[in-house]
Amino acid sequence: MSASSGHGSEPNLTPILDMVFQLITFFMLVINFKGASLDLSLKLPVLGSARPLDTKGGPEPLLLNIDTQGRVKMLGTPVDLEQALAKEARYRERTGGAKKGEEESNTPVIIRADRLVPFHLLNETIKTCQKHGFRHYQLSAMTREEAQ
Amino acid sequence: MKRRRHRHARAKQGDVELNLAAMLDMAFQLLTFFILTFRPAPVEGQLAVNLPPPVAQTKVEMPTDPNAEGDTPVDTDITLHMYVTANDQGDAQQVRVENNPISVGPLDPGKVQMINKRLATVFGVQTTPFDRIQIAVDGRLRYEELMKLVDVCTRQKKSDGSYMQKVSFVELPQGQGQ
């Protein structure tokens, strides 16, 4: 028999702690670190037929965000595309993803461009990527308009 | 009486009590962090295209009516050329397939559907040799307008039943876009 006195009862914190851990586990499982590479300020064009493409099993795609001024951003920072692609090619050679001097790369390039980007700016980016051997491209679009 | 209370107090000293307050505080800190960093990913999809660098294509005479099925086999190029001109606002002005205008004005859903039907007619011909589409684009055209055309092109089925993925872009020289 418990010898607790009439006053001074302590609340049992175990269930609340258990609930908190459940919530923590949920948020840990759904946290998306790759979202940091997406520039969410861009307004992508809307295409109902666009579908998320599965890149598992293949090389890690290269993600390029292009704003209305034609600036290319990777991981949130504007980059010089030539230097970034050259660095990317060296990295893939080092990690064995590509052979040195290989002209063509199997790495897909995901292009996320704002809907207002004029074609000549987009074309410059694509031509730079083609010069570095990238052939496979995925043009991103929203499947539906985002809710306001 | 005092001895009994003292004995009781000594017995209580042997109990181990776990203070959960500190652990709960830490757990709330973690929870707050994950709640603040949680951001649902936007619903995005992609259109896959192969974009080999544009090469000079030998321009061959094409019949003006893409629906024509003459008896005489025509030795044709395997690239279907599409031309898109735009105005200063970036809207499409005209869309031509080879030399045939198929759409005039901005690309609304009705015009996109019409372009799709015309292309489907071209690719629906069993002897169609086309296995790639080259889109010559006015540099001023907005990306969202271009994507409508790319979407239409990638929905076309080639004679072998596979979907068109070889779509390449070239920029129309300035002056030709007007």
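None of the values given here were measured: they were computed from a predicted structure.

### Describing the packing of aromatic side chains
One pass over the full model with this rule turns up five aromatic pairs over all chains. Consider the rings of Phe26(A) and Phe27(A), whose centres lie 5.1 Å apart with planes at 70°: the pair is edge-to-face. What makes Phe26(A) partly exposed here is its relative accessible area of 44%. Between Phe119(A) and Phe169(B), the ring centres sit 5.8 Å apart and the planes meet at 85°, which makes this aromatic pair edge-to-face. Placement of the pair is Phe119(A) in helix α3 (residues 119–131) and Phe169(B) in strand β6 (residues 167–171), with the two residues belonging to separate chains. Assessed through its relative accessible area of 5%, Phe169(B) is described here as buried. Three or more aromatic residues joined by ring pairs form one cluster here, namely Phe26(A), Phe27(A) and Phe38(B).

### A short note on the interface of chain B and chain A
Taken together, the contacts link 43 residues of chain B with 51 residues of chain A. Contact with chain A buries surface across chain B, with Glu44(B), Gln46(B) and Tyr143(B) losing the most and accounting together for 18% of the total. At the surface where chain B touches chain A, the tally comes to one salt bridge. Across the salt bridge formed by Glu44(B) and Arg112(A), the nearest N and O atoms sit 2.6 Å from each other. The interface formed by chain B and chain A holds 11 residue pairs in polar contact (both at pLDDT 80 or more) in total. Looking at the side of chain B that touches chain A, the elements that each hand over two or more residues are α2 (20–37), β1 (44–50), α4 (143–154) and β6 of chain B. The element contributing the most residues to the side of chain B that touches chain A is α2(B), with 11 residues. A per-class count over the side of chain B that touches chain A returns 29 nonpolar, six polar and eight charged.

### With respect to the nonpolar core
Generally speaking, soluble globular proteins have nonpolar side chains that are buried together. Counting 54 residues, the largest nonpolar core has Ile111(A), Leu122(A), Tyr137(A), Met82(B), Leu119(B), Ile135(B) and Phe169(B) as its most contacted members. By residue number, the principal contributor to this core is α4(B), which donates seven residues. Ignoring anything within four residues of it in the chain, the contact list for Tyr137(A) reads Val109(A), Ile111(A), Ile126(A), Cys129(A), Gln130(A), Leu47(B), Ala48(B), Val49(B) and Leu51(B). Counting residues in each nonpolar core, the second largest holds 10 residues, with Leu17(A), Ile31(A), Leu20(B) and Ala27(B) among its members.

### Details of the sheet that holds strand β5 (residues 136–142) of chain A
Taken together, the six strands give an open sheet; going across it, the order is β3(A)-β2(A)-β1(A)-β4(A)-β5(A)-β1(B), and neighbouring strands pair in mixed fashion. Each edge of the open sheet is held by one strand with a lone partner, namely β3 (77–78) of chain A together with β1 of chain B. Both β5(A) and β1(B) contribute to a ladder of seven bridges, which runs antiparallel. By the bridge assignment for β1(B), Ala141(A) is matched with Gly45(B).

### Re the confidence of the model for chain B
Residues and elements named next belong to chain B. Summarising the model, chain B shows a mean pLDDT of 78, and 74% of its residues fall at 70 or more. Ignoring residues within four places in sequence, the model shows residues 68–76, a span with pLDDT below 50, making six contacts including any to other chains. Across the predicted assembly, pTM comes out at 0.70 and ipTM at 0.73.

### Description of the side chain of Gln156(B)
Residue and element names in this part refer to chain B. Checked against the element boundaries, Gln 156 lands in the loop between α4 and β6. On the basis of relative accessible area, Gln 156 is assigned to the buried category, the value being 2%. Polar contacts involving the side chain of Gln 156 include one to the main-chain amide nitrogen of Ala 120, which spans 3.2 Å. Those residues in contact with Gln 156, other than ones at most four positions away along the chain, are Asn 116, Leu 119, Ala 120, Phe 123, Ser 162, Tyr 163 and Met 164.

### Considering the pairing of β6(B)
The sheet contact formed by strand β5 (residues 132–137) of chain B and β6(B) spans five bridges and is parallel. Counterpart to Ala136(B) in the pairing with β6(B) is Val170(B).

### Focus: the sheet that holds β5(B)
Reading across the sheet, the five strands line up as β4-β3-β2-β5-β6 (chain B) and stay open at both edges, with mixed pairing between neighbours. Here the strands that pair on one side only, and so sit at the sheet edges, are β4 (100–104) and β6 of chain B. Here the strands of the sheet are splayed against their neighbours by 25° on average, with no regard to which way each runs. Bridge count between strand β2 (residues 79–86) of chain B and strand β3 (residues 92–97) of chain B: five bridges; the pairing is antiparallel. Counterpart to Ala86(B) in the pairing with β3(B) is Ala92(B). In this fold α3(A) packs onto β5 and β6 of chain B, with an angle of close to 120° to the strand it touches most, β6(B). Docked against the sheet, helix α3 (residues 109–124) of chain B engages β2, β3, β4 and β5 of chain B, running at close to 155° with respect to β4(B).

### Thoughts on the packing of helix α1 (residues 14–30) of chain A against α2(B)
For the pair α1(A) and α2(B), the least separation of the axes is 9 Å and the interaxial angle reads 25°. Judged on the interaxial angle alone, α2(B) and α1(A) are roughly parallel. Crossing geometry of α1(A) relative to α2(B) is assigned as left-handed. Across the interface between the two elements, Thr14(A), Ile16(A), Leu17(A), Val20(A), Phe21(A), Leu23(A), Ile24(A), Phe27(A) and Met28(A) of α1(A) pack against Leu20(B), Met23(B), Leu24(B), Ala27(B), Phe28(B), Leu30(B), Leu31(B), Phe34(B) and Ile35(B) of α2(B). Partitioning the contact of α1(A) with α2(B) into residue classes produces 17 nonpolar, one polar and no charged.

The rules behind the values
Counting starts from 1 at the beginning of each chain's written sequence and moves along it residue by residue. Chains and ligands are labelled by the order in which they are written, letters from A for the one and numbers from 1 for the other. Reporting in this predicted model follows two pLDDT cut-offs: at least 70 for local features of residues, and 80 or more for side-chain atom pairs to be given and counted; totals over whole chains, interfaces and linings ignore these cut-offs and use all residues. Calculation of side-chain values draws on the structure's entire complement of heavy atoms; hydrogens and water are dropped beforehand. Geometry of aromatic contacts follows a simple scheme: Phe, Tyr and Trp rings, the Trp one being its six-membered ring, pair when their centres are within 6.5 Å, and the pair is stacked under 30 degrees between planes, edge-to-face over 60, tilted otherwise. In this scheme, a residue with accessible area under 20% of its type's maximum is buried, one over 50% is exposed, and one in between is partly exposed, where area comes from a 1.4 Å probe on protein chains only. Per the convention used, a helix needs a DSSP run of H or I reaching at least four residues, while a strand needs a run of E reaching at least two, with both numbered from the N terminus. The contact rule is simple, with two residues in contact once any of their heavy atoms fall within 4.5 Å. Buried area is a sum: the accessible area each of two parts loses on coming together, probed at 1.4 Å, counted once for each and added. Here a salt bridge means any side-chain nitrogen of Lys or Arg lying within 4 Å of a carboxyl oxygen belonging to Asp or Glu. For this analysis, a polar contact is any N or O atom pair within 3.5 Å, provided that within protein one partner can donate a hydrogen and the other can accept it, and provided that sequence-adjacent residues contribute only side-chain to side-chain pairs. Only Asp, Glu, Lys and Arg are considered charged in this grouping, and only Ala, Val, Leu, Ile, Met, Phe, Trp, Tyr, Cys and Pro are considered nonpolar; every other residue, Gly among them, is considered polar. Side-chain atoms within 4.5 Å link the members of a nonpolar core, which is a set of buried Ala, Val, Leu, Ile, Met, Phe, Trp, Tyr and Cys residues. Any two strands are treated as partners once DSSP identifies two or more bridges connecting them. A score between 0 and 100, pLDDT records how confident the predictor is in each residue. Orientation is described by lines fitted to C-alpha atoms, with helices fitted over the stretch in contact, and by angles between N-to-C directions that extend from 0 to 180 degrees. By the definition adopted for this analysis, an angle is roughly parallel if under 35 degrees, roughly antiparallel if over 145, roughly perpendicular if from 65 to 115, and oblique otherwise. In a left-handed crossing the near helix is turned counterclockwise from the far helix by less than a right angle, and in a right-handed crossing that turn is clockwise.

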